[in-house]
Amino acid sequence: MNEIPAPVLEWDLIAPLMVLGAVAVVGVLLEAFVPRGPRFVVQASVAIGGVVAALGTTIWTATRTDVLDGDVLARGQVAAEGALSVDGPSLFTWGLLLVLALLSMLLFAERRLGGGLSAFTGRAADAPGSSGEAEATRHRLEHTEVFPLALFALLGMMLFAASTDLLMMFVALEVLSLPLYVLCGLARRRRLLSQEAALKYFLLGAFSSAFFLYGVALVYGYAGGFGLAEVADAVASRTQERPLLLAGVALLAVGLLFKVGAVPFHSWTPDVYQGAPTPVTAFMAAGTKAAAVVALARVLLVAFGGAEWDWQPAFWAVAALTMLVGAVGSIAQGDVKRMLAYSSIAHAGFILVGVVGATGGDGITSVSSALFYLTAYGVATIGAFAVVMLVRDASGESTDLDTWTGLGRRAPWLAGAFALFMLSFAGIPLTAGFIGKWGVFSAAWAGGLWPLVVLGVLVSAVAAFFYVRVVLTMFFDEPRPDGPLLAVPGAMTTVVVTVAAVATVALGVMPGPVLDLAQQAGAFVR
Amino acid sequence: MTAFWVLAPFMVLAALGLVLARKAVHAALCLAVVMISLAVLYAAQGAPFLFAVQIVVYTGAIMMLFLFVLMLVGVESAESLAESIPGQRIGAVVVALVFGALGVVGVAQSVTGAVVGVDAANEGGNVEGLAALMFGPYVLAFEATAALLITAVLGAMVLAHRERLGRRLTQREVAEGRLQDYAHHGTHPGQLPTPGVFARHNAVDTPALLPDGSVVETSVPAPLRARDQVRPGDRSEVDAVARELEPGEDPR
């Protein structure tokens, strides 16, 4: 029998993943051994501590990567036997995901808003509205498993953004999706809506995973390997069997665009964002999008860069449709969470404009512009959902847009923060959203995609009109007498809203440092 | 190739049956056909390990769990087939056919050459080759699967486990409680009647009949009653069976 050589794992490069995975497993053990009383606090502290530790490790790893020789800027190397590429974009995304997750974990841990209980149901096995549910609430049960589940999802996102091997990417896709399916169904209020959201997300997500897997199989048939570098070599050298490659690219794109939330694979977004518990929505909207966009860009630019004329027209159409449907859809919504969901679809379109605007093989400008956009979008999204958590009435969050009329007169600071996030979504100057949009549009312009840029600017104008209208009704209309109560903001949510608002302004006024980081990240390493 | 062309039509038919079957048990059996055929295809293509795993894990474990659950629960809920979007079903069929045709054309145009590489992959033994891949290039993916399994278990526990809040009653307390109920409210202290006795079927959804032929409502589990899934089975059905058995003679 042949000797199997031991695999070489670069522990220093994949340390952030190991730290996070270990903390998630510790969280599962704590669930078993810590008594119920202190369990919530312990789990929340461990999760937050774990994310901070992983963030520290990521920064430590980032300082150890070297700039590679070559004609394009790139840093880092392929690690773990060719499964991961720990390069500039990966490390930037890891840092971004961990910061967004840190903010989300604070929202997960918020207990001041719902009468001392977290936003998650006390005992998910009870039927909604049953006597068991009331009993669970009376005993003040809380599902603390949400923390390890969220950490596993975060681990999946980090793996997904960095994987440079289609098999690894598929496993990462599942690791990121499965915990989110469960988390979506755990809302404390409006549980039927939440369970419906979880089931829809699960079924459609399973479909999209199957598409992705079949695409992987076809691409393997074409290239004879799973590594993106091998695929790129095959794309460059083989001229026969082109249909197999095209079918593979199309199916892979379905799976990835589903996670990005692009039209025509967007229909799950409004329902799931609305039904899921708001902290989960914030985490999912910001994190999944970041991980999926980076994975999509990596697959398209690294593996299929040599065949870009084959896939680019389809992606132009998808980007244009996504912007249009997202912007027009958000106008028609009467629910704040659904509105934010449609706005996230529109943002997926704007990011795609930047991603497909890549010129040449390296696509540094598009990748760095997408990374900055994801930062601006992620921070504002988490902030906006944190505000949604605070506007409540007797039955929980009051997400009907009508009830938000005149909110600015009753809670100027809160409404001001929400208005700021809206303006950032609209891309008004001096907010992060403006710099983000500027970046993706100029990347696309440099790539010669001026029709998409013109369309993007027009759509932004339509969307801006709508966002500004929301701001106006919040500040200049009379408050309704039956308007929502405002929960006393807990320390956690206050911190999140403040940090998000400050970051949104700071990234708009002084984008330099983060923009530099995104540009220093350089190209994907294959 | 022969094995493929022999098995493929069966698999396609079974897969169609899986989607179109009205009864869940039939769908599950169709799934079993698909899985076993797939296992045979693995064996025919020189992958004995996958063949064994497919049989043991999928057909053996997962498939049997499916059937167990279907039979234990015994619920045949009729699906609502009303379309909420007009024309959706026809649209879906058309799109599916176009998609399938596109896939077949794409793959058929490409896959023309001889199959290569199996011998090289199986050189040091099939299982050894798999092990070398799994603990070599794909070790991280293999490890990440652990996260997936932990998540699956944790998720199942979160969604299905009911944490006990009160103290567990002892057998004595249960018995005393039942007799208290009997004394104060006249509730029957024994077990509920089992379903299906003296009836045409002995399935859980068929109510038991009293000697006079009337239906005992409590003999059907409450969830089935709540869902209106009680099979109508009263005296007249018994009579009908009796007539079949002894033609020309009225059992009364």
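Residues numbered from 1 in each chain as written. Chains lettered and ligands numbered in written order. Predicted model: local features only at pLDDT ≥ 70, side-chain atom pairs only at ≥ 80, totals over all residues. Heavy atoms only, no water.

Draft legend 1. Structural detail: the overall build of chain A. Per the secondary structure count, chain A includes 20 helices and 5 strands. Its C-alpha radius of gyration of 22 Å places chain A within 12% of the 24 Å reference for a compact globule of 526 residues. With respect to the three principal axes, the spread of C-alpha positions in chain A is 70 × 60 × 40 Å. Summarising the internal contacts of chain A: among those between residues at least 6 apart in sequence, 80% fall at separations of at least 24. Looking at chain A as shown, the accessible area adds up to about 18200 Å², and 68% of this sits on carbon and sulfur atoms. (Helix = DSSP H or I, 4+ residues; strand = E, 2+ residues; numbered from the N terminus. Rg over C-alpha atoms; globule rule 2.2 N^0.38 Å. Contact = heavy atoms within 4.5 Å. Areas by Shrake-Rupley, 256 points an atom, 1.4 Å probe, with all protein chains shown as cover.)

Draft legend 2. Region of interest: the interface of chain B and chain A. In this complex, chain B contributes 34 residues to the contact, which on the side of chain A involves 47 residues. Between chain B and chain A, the buried area comes to about 3300 Å², and carbon and sulfur atoms account for 75% of it. Considering only the side of chain B, the residues that lose the most area to chain A are L140, V158 and L165 of chain B, jointly responsible for 20% of the buried surface there. In this assembly, chain B and chain A are joined by 2 salt bridges. One salt bridge in this structure joins R36 of chain A and E163 of chain B, with 2.6 Å as the shortest N-O distance. Across the chain B-chain A interface, the total number found is 3 residue pairs in polar contact (both at pLDDT 80 or more). Those elements giving two or more residues to the side of chain B that touches chain A turn out to be α4 (88–110), α6 (126–134) and α7 (139–160) of chain B. Among the elements that make up the side of chain B that touches chain A, the one with the highest residue count is α7 of chain B (16 residues). Looking at side-chain class alone, the side of chain B that touches chain A contains 20 nonpolar, 9 polar and 5 charged residues. (Buried area = accessible area lost by both parts, 1.4 Å probe. Salt bridge = Lys/Arg side-chain N within 4 Å of Asp/Glu carboxyl O. Polar contact = N/O pair within 3.5 Å; in protein donor to acceptor, adjacent residues only side chain to side chain. Nonpolar A, V, L, I, M, F, W, Y, C, P; charged D, E, K, R; others polar.)

Draft legend 3. Structural view of the pairing of strand β2 (residues 84–87) of chain A. Residue and element names in this part refer to chain A. Residues of β2 alternate between two faces, with L84 and V86 on one and S85 and D87 on the opposite face, all of them buried. As paired strands, strand β1 (residues 76–79) and β2 are joined by 4 bridges and run antiparallel to one another. What sits directly across from Q77, in β2, is V86. Turn length for the β1-β2 hairpin, with the two strands adjacent in sequence and antiparallel, is 4 residues, and the turn residue A80 shows positive phi of about 55 degrees. (Buried < 20%, exposed > 50% of the residue type's maximum accessible area, 1.4 Å probe, protein only. Pairing = 2+ DSSP bridges.)

Draft legend 4. Local environment of the sheet that holds strand β3 (residues 391–393) of chain A. Residue and element names in this part refer to chain A. Pairing is antiparallel across the open sheet formed by 3 strands, whose spatial order is β4-β3-β5. Edge positions in the sheet fall to β4 (396–397) and β5 (485–486), since each has one partner strand and no second. Bridge analysis of β3 against β4 gives 2 bridges, and the strand direction is antiparallel. The residue of β4 that forms the bridge with R392 is E397.

Draft legend 5. Examining the pattern of salt bridges more closely. All chains considered together, the criterion is met by 18 salt bridges over all chains. Across the salt bridge formed by E31 of chain A and R39 of chain A, the nearest N and O atoms sit 3.0 Å from each other. Neither E31 of chain A nor R39 of chain A differs from the other in exposure class; each is buried. Beyond isolated ion pairs, a larger network of salt bridges with shared partners links R123, D126 and E135 of chain A together with R162 of chain B.

Draft legend 6. Spatial organisation of the layout of surface pockets. All names here are of chain A. In this model, the second largest pocket occupies a volume close to 600 Å³. For the second largest pocket, the lining is made up of 21 residues, of which L91, F92, G95, L96 and L517 are closest to its centre. Put simply, the parts of the chain that give the lining of the second largest pocket at least two residues each are α2 (36–64), α3 (88–108), α14 (364–390), α19 (491–509) and α20 (512–521). With 7 residues, α3 is the largest single contributor of residues to the lining of the second largest pocket. (1 Å grid on protein atoms, 1.4 Å probe; cavity = no way out; pocket = protein on both sides within 12 Å on 5 of 7 lines; lining within 4 Å. Points joined across faces, edges and corners; volume = space filled by probe spheres on them.)

Draft legend 7. Up close: the nonpolar core. Grouped together as the largest cluster of nonpolar side chains are 195 residues, with contacts concentrated most on L154, F160, F304 and F418 of chain A. With 19 residues, helix α11 (residues 278–303) of chain A is the single largest residue contributor to this core. Once residues within four sequence positions are removed from consideration, F418 of chain A is found in contact with V336, M339, A384, V387, V388, W404, V470 and M474 of chain A. Counting 6 residues, the second largest nonpolar core, distinct from the first, contains L31, A32, M35 and M63 of chain B. (Core = buried A, V, L, I, M, F, W, Y, C linked by side-chain atoms within 4.5 Å.)

Draft legend 8. Highlighting the packing of aromatic side chains. All names here are of chain A. Enumeration over the complete set of coordinates arrives at 23 aromatic pairs over all chains. An angle of 35 degrees between the planes, with centres 6.3 Å apart, marks the rings of F434 and W438 as tilted. Pair noted here: F434 and W438 are both in helix α17 (residues 432–446), with a separation of 4 residues, about one helical turn. Aromatic rings pair up to connect Y181, Y201, F202, F258, W268, Y273 and F385 into one cluster. A cation over a ring is seen here: R238 above Y222, with NZ or CZ 5.2 Å from the ring centre. In this structure, K437 packs its charged tip against the face of F350, placed 4.5 Å from the ring centre. (Phe/Tyr/Trp six-rings, centres within 6.5 Å; stacked < 30°, edge-to-face > 60°. Lys NZ or Arg CZ within 6 Å of the ring centre and 35° of its normal.)

Draft legend 9. Spatial organisation of the packing of α3 of chain A against α11 of chain A. Residue and element names in this part refer to chain A. Two elements in contact, α3 and α11, have axes separated by 8 Å at closest approach and are oriented at 170 degrees. The orientation of α3 relative to α11 falls into the category roughly antiparallel. Between α3, through S90, T93, L96, L97, L100, A101, S104, L107 and F108, and α11, the contact on the second element is made entirely by P279, V280, A282, F283, A286, G287, A290, A291, V294 and R298. The class makeup of the residues in the contact of α3 with α11 is 14 nonpolar, 4 polar and 1 charged. (Axes fitted to C-alpha atoms, helices over the stretch in contact; angles between N-to-C directions. Parallel < 35°, antiparallel > 145°, perpendicular 65-115°, else oblique.)

Draft legend 10. Quick peek at unusual backbone geometry. Residue and element names in this part refer to chain A. Omega for the peptide link from V263 to P264 comes to 5 degrees, which places this bond in the cis form. In the Ramachandran plot, A80 falls in the positive-phi region, its phi being about 55 degrees despite a non-glycine side chain. For A80, the location among the structural elements is in the loop between β1 and β2. You will see that E241, though not glycine, has its phi angle at about 55 degrees, which is positive. Along the chain, E241 turns up in the loop between α8 (228–237) and α9 (242–260). E241 gets classed as partly exposed once you look at its relative accessible area, which sits at 22%.

Draft legend 11. Looking closely at helix α4 (residues 131–138) of chain A. Residues and elements named next belong to chain A. Among all positions in α4, only G132, E133 and A136 are buried. Viewed along the axis of α4, the buried residues span an arc of 100 degrees, placing them on a single side of the element. Of the residues in α4, the exposed ones pointing more than 90 degrees away from the buried face are S131 and R138. Lining the buried residues of α4 we find α7 (191–223). Of the residues one or two after α4, R140 is the one with positive phi, at around 55 degrees. (Arc of directions from axis to C-beta.)

Draft legend 12. Main features of the side chain of T504 of chain A. Residue and element names in this part refer to chain A. Inspection of the secondary structure puts T504 in helix α19. Given a relative accessible area of 1%, T504 falls into the buried group. Apart from the residues lying within four places of it in its own chain, the contact partners of T504 are V379, A380, L420, F421, S424, T431 and A432.

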